[in-house]
Amino acid sequence: MDLSPWQTPLSYIGLATLAYTTLKFTRSATTFLLPTSLNTYNRTKNNWALVTGASDGIGFGFSQELCARGFNVILHGRNRAKLDTRAAELRAEFPTRRVEIVVRDVVGLTVDVDEIAVEVKCILEAQGGELSVLINNVGGEVRPYTVLSDYSFEEVERTISMNAGFMTQITRVLLPVLEAGSGAVITNVSSVSAFGMPYISVYASTKGFVDTFTKALEAECKAEKRNIEVLGLRVGQVKTAGFDVQAGLFVPDARTLASAGLNRVGCGRVIVWAYFWHWLQGLSFDILPRSMLMMISSKKLMALKKEEEEKAKNR
Ligand SMILES: NC(=O)c1ccc[n+]([C@@H]2O[C@H](COP(=O)([O-])OP(=O)(O)OC[C@H]3O[C@@H](n4cnc5c(N)ncnc54)[C@H](OP(=O)(O)O)[C@@H]3O)[C@@H](O)[C@H]2O)c1
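Residues numbered from 1 in each chain as written. Predicted model: local features only at pLDDT ≥ 70, side-chain atom pairs only at ≥ 80, totals over all residues. Heavy atoms only, no water.

Caption draft 1: How the structure looks around the overall build of the chain. Helix and strand content of the chain: nine helices and seven strands. Whereas a compact globule of 315 residues would reach a radius of gyration of roughly 20 Å, the chain reaches 21 Å, a difference of no more than 12%. By its C-alpha atoms, the chain is 85 × 50 × 35 Å across when sized along the principal axes. Looking at the chain residue by residue over its 315 residues, the buried ones come to 46%. Sequence separation of at least 24 residues holds for 73% of the intrachain contacts in the chain that already meet a minimum separation of 6. Counting only carbon and sulfur atoms, one obtains 59% of the accessible surface of the chain, whose full area is about 15900 Å². Of the charged side chains in the chain, 35 are positive and 32 negative; the average position of the first set lies 4 Å away from that of the second. (Helix = DSSP H or I, 4+ residues; strand = E, 2+ residues; numbered from the N terminus. Rg over C-alpha atoms; globule rule 2.2 N^0.38 Å. Buried < 20%, exposed > 50% of the residue type's maximum accessible area, 1.4 Å probe, protein only. Contact = heavy atoms within 4.5 Å. Areas by Shrake-Rupley, 256 points an atom, 1.4 Å probe, with all protein chains shown as cover. Lys, Arg positive; Asp, Glu negative; His and termini not counted. Charge placed at Lys NZ, Arg CZ, Asp CG, Glu CD.)

Structure, rendered in structure tokens:
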């Protein structure tokens, strides 16, 4: 006796899988259609955002976009002269915004990191307004395209501090300052490498930490009924000082990426792709088998390694 296709359990499993995949895809795609709720964190037009690693790249892009959207900004970085120059650029472009700086090397941290809260409170007391946005952006690869055994002790420590250690510490010390206001958002910059990429194993793992930290903190803030939104931004390739590649549709510049990231605030998800075209690329991570993905990634990263070596030779 022939069974109709709908009389076999396999058809229902197939249908359920299709429905689940369609729902997942639609839910993730609608993230890009929702309006941002960023302005709810600056109702008085007098609020502050602190951006880490703000003297260059995506961090400076976030600072420009936040000023453009009416926030005063505290720039964090390690180089006071460069931060002063960046602050002057922002004041020239956005004369009605106030810009301050906080200087800290994120490598070799000591308990002095706690003083950042005091510095931020001093800025708020002197200038008015609340701290309502923290962008944990600082990070990067210390020694790109290298196998783990070729890293030195110091390089491993630096990578972990830059991408995970400082983010955790500054969030810890600024949480009470953020909580003291009338609502805040913490945004952590992650990376496509969090999927676990070869040749950047330490960096990729720190971004895995960023993702888990984001999810845990979001859940903790909810459980504690803190008026704090926590959002993780997954980022693909971006043309910046730290990653000098050809810009294009799939490789935005820093400000475009930052703008896209701010547009995701209030989307209701904890970890999202910041930029639509990165999301589209990222779909392959859900669809393709890991073995195939890692084969493609290894080839891509090896090509980037060769490119870097060529550039180094010609310098
Ligand atoms: N670019 C990409 O393709 C890409 C892709 C995925 C994720 N991301 C993530 O996006 C974030 C920003 O990356 P980016 O490409 O914009 O980096 P970038 O252009 O290299 O800028 C990094 C920023 O961090 C600061 N910084 C570096 N080391 C520091 C230290 N020891 N202490 C204090 N500040 C320090 C730099 O200061 P100086 O100006 O003094 O150097 C600069 O302001 C990172 O978290 C990165 O992992 C980037």
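Right, picking up where we left off after that structure.
Caption draft 2: Representation of the sheet that holds strand S3 (residues 99–103) within the structure. Reading across the sheet, the seven strands line up as S3-S2-S1-S4-S5-S6-S7 and stay open at both edges, with parallel pairing between neighbours. If you trace the sheet from one side to the other, it starts and ends with S3 and strand S7 (271–273), each paired once. Strand-to-strand twist of the sheet, defined as the mean angle between neighbouring strand axes without regard to direction, takes the value 20°. Here four bridges tie strand S1 (residues 48–51) to strand S4 (residues 131–136), and the two strands are oriented parallel to one another. Bridge pairing in S4 links Val51 to Ile135. In the packing of helix H5 (residues 153–179) onto the sheet, contacts are made with S1, strand S2 (72–77), S4, strand S5 (184–189) and strand S6 (228–234), and the angle to S4 comes to roughly 170°. (Pairing = 2+ DSSP bridges. Axes fitted to C-alpha atoms, helices over the stretch in contact; angles between N-to-C directions.)

Caption draft 3: Looking closely at the layout of surface pockets. Empty space within the second largest pocket amounts to approximately 610 Å³. Lining the second largest pocket are 20 residues, and of these Lys24, Ser28, Arg269, Trp273 and Asp286 sit closest to its centre. Counting only elements with at least two residues in the lining of the second largest pocket, the list comes to helix H1 (9–30), helix H6 (201–223), S7 and helix H8 (276–287). Classifying every residue of the lining of the second largest pocket gives ten nonpolar, four polar and six charged. (1 Å grid on protein atoms, 1.4 Å probe; cavity = no way out; pocket = protein on both sides within 12 Å on 5 of 7 lines; lining within 4 Å. Points joined across faces, edges and corners; volume = space filled by probe spheres on them. Nonpolar A, V, L, I, M, F, W, Y, C, P; charged D, E, K, R; others polar.)

Function cannot be read off these values alone, since they describe shape.
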